[in-house]
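Structure assessment
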Amino acid sequence: MRIVLLGAPGSGKGTQGEKLVAHFGIPKISTGDALRAAVAAGTELGKKAKAAMDAGQLVANEIVIGIVEERLAQADAQKGAILDGFPRNTAQAEVLDGMLRRLGQPAIDKAVHLAVNDEEIIKRLLDRAQKEGRADDKEDVIRHRIKVYNDETHPLLDYYAKQGKLVTVQGVGSLDDIFQRILGVLK
Ligand code: AMP
């Protein structure tokens, strides 16, 4: 099973993705986590990505595409994967489709959209800023990340709807309720 998680920053992709990992026994591939790890480790890739991340912009497509291709080729991803934070724009989605074909893997089964309103998103991200201190969880950067999501990532809903793969789940409520909704639409 290959699933793309779609939703604004703070919509719960990471949290629900972890639950899917535990449920299906397939790995989660999070480009945001991979990029933060690269920044923390001070790698070349991290140095290239840092400025864009701090500003709430998308990092260059070729950087994240390289991360995902390397990860999808690993043994544990052969039976499936949960993609969290990738693709983030239509170009990445098109590359992903080609990449899966090239790797000899089945296509994406479903794109799960976690729908959460903007007010709730801002509240959650400000809350996360206090708890986790993520560098990009500052109010002006948060607002910019939501704009980037609306401008660049939101069109992906249409991309996957046209392929008949889009399922939308209300991302507000208890974590378990949301997870049950996701399992329901994946059946
Ligand atoms: P996330 O943890 O998914 O919210 O990602 C944090 C930041 O990493 C984003 O604001 C972007 O700067 C960068 N990033 C993560 N995934 C991607 C992607 N697929 N394409 C471009 N930039 C990304």
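Above this note sits the structure.
For every chain, the first residue of the written sequence is number 1, and numbering continues from 1 along that sequence. Totals for whole chains, interfaces and linings use all residues, but because this is a predicted model, local features are given only for residues with pLDDT of at least 70 and pairs of side-chain atoms are given and counted only at 80 or more. As a convention, hydrogens and water are excluded, and side-chain values are obtained from all of the structure's heavy atoms.

Brief notes about the layout of surface pockets
Gaps left between atoms are located by rolling a probe of water-molecule size over the structure's atoms. Detection works on a 1 Å grid of protein atoms alone, calling trapped sets that fit a 1.4 Å probe cavities and calling open sets with protein on both sides within 12 Å along at least five of seven lines pockets, with lining residues defined by an atom within 4 Å of a point. Grid points are joined across faces, edges and corners, and a volume is the space filled by probe spheres set on the points. Taken as a whole, the largest pocket encloses approximately 1100 Å³ of empty space. In this description a helix means any DSSP run of H or I spanning at least four residues, a strand means any run of E spanning at least two, and both kinds are numbered starting from the N terminus. Ranked by residue count, the leading element in the lining of the largest pocket is helix H6 (residues 118-132), at seven residues. Across the lining of the largest pocket, the residue classes break down as 17 nonpolar, 17 polar and 15 charged. Each residue is assigned to one class: nonpolar for Ala, Val, Leu, Ile, Met, Phe, Trp, Tyr, Cys and Pro, charged for Asp, Glu, Lys and Arg, and polar for all the others, Gly among them.

Regarding helix H2 (residues 31-41)
Only protein chains enter the accessibility calculation, which uses a 1.4 Å probe. A residue is then buried if its area is under 20% of the maximum for its type, exposed if over 50%, and partly exposed in between. Along H2, the positions that sit buried rather than exposed are Thr31, Gly32, Leu35 and Ala38. Projected down its long axis, H2 shows its buried positions confined to an angular sector of 125 degrees, all on one face. Away from its buried face, by an angle of more than 90 degrees, H2 presents the exposed residues Ala40 and Ala41. On the buried face of H2, the contacting elements are strand S2 (28-30), helix H3 (44-54), helix H4 (61-72) and strand S3 (81-84). Read the arc as the range of directions from the helix axis to the C-beta atoms. For this analysis, residues touch if any pair of their heavy atoms sits within 4.5 Å.

Observations regarding the pattern of salt bridges
What makes a salt bridge here is a side-chain nitrogen of Lys or Arg within 4 Å of a carboxyl oxygen of Asp or Glu, nothing more. Per the counting criterion, the structure on display carries 18 salt bridges. The partner of Asp127 in a salt bridge is Lys131, and the shortest N-O contact between them spans 2.9 Å. Remark: Lys131 and Asp127 occur in helix H6; sequence separation between them is four residues, near one turn of the helix. One network of salt bridges, in which partners are shared, links Glu18, Lys28, Asp33, Arg36 and Asp84.

Observations regarding the site of the ligand
Taken together, 16 residues lie near the ligand, and Thr31, Arg36, Gln57, Gly85 and Arg88 sit nearest. As used in this structure description, the phrase polar contact means that two N or O atoms lie within 3.5 Å; if the pair is within protein, one of them must be able to donate a hydrogen and the other to accept it, and residues adjacent in sequence are counted only when both atoms belong to side chains. At a separation of 2.6 Å, an oxygen atom of the ligand approaches a polar backbone atom of Gln57. Between a nitrogen atom of the ligand and a side-chain N or O atom of Gln92, the distance comes to 3.0 Å. Per-residue and other accessible areas follow the Shrake-Rupley method at a 1.4 Å probe size, with only the shown protein chains counted as cover for residues. When the ligand is considered free in solution it has 470 Å² of accessible area, and contact with the protein chains removes 96% of it. If over half the atoms of a molecule are within 2 Å of the grid points of a cavity or pocket, the molecule is regarded as sitting in it. According to the grid-proximity analysis, the pocket containing the ligand is the largest pocket. Of the residues forming the shell around the ligand, the biggest block, four residues, is contributed by H2. Nearness is defined per residue: one heavy atom within 4 Å of the molecule or strand is enough.

Observations concerning the packing of H2 against H3
Geometry is summarised by axes, namely lines fitted to C-alpha atoms with helices restricted to the contacting stretch, and by angles between N-to-C directions that run from 0 to 180 degrees. Contact geometry of H2 with H3 gives a least axis separation of 8 Å together with a crossing angle of 115 degrees. By the criterion of interaxial angle, the relationship of H2 to H3 is roughly perpendicular. Relative to H3, the crossing made by H2 is left-handed. Residues Gly32, Leu35, Arg36, Ala38 and Val39 of H2 touch H3, and the partners they reach there are Leu45, Gly46, Ala49, Lys50 and Met53. In what follows, roughly perpendicular refers to angles from 65 to 115 degrees, roughly parallel to angles under 35, roughly antiparallel to angles over 145, and oblique to any angle outside these ranges. Left-handed describes a crossing whose near helix is turned anticlockwise from the far helix by less than a right angle; the clockwise case is right-handed.

Honestly, it's all geometry; don't read function into it.
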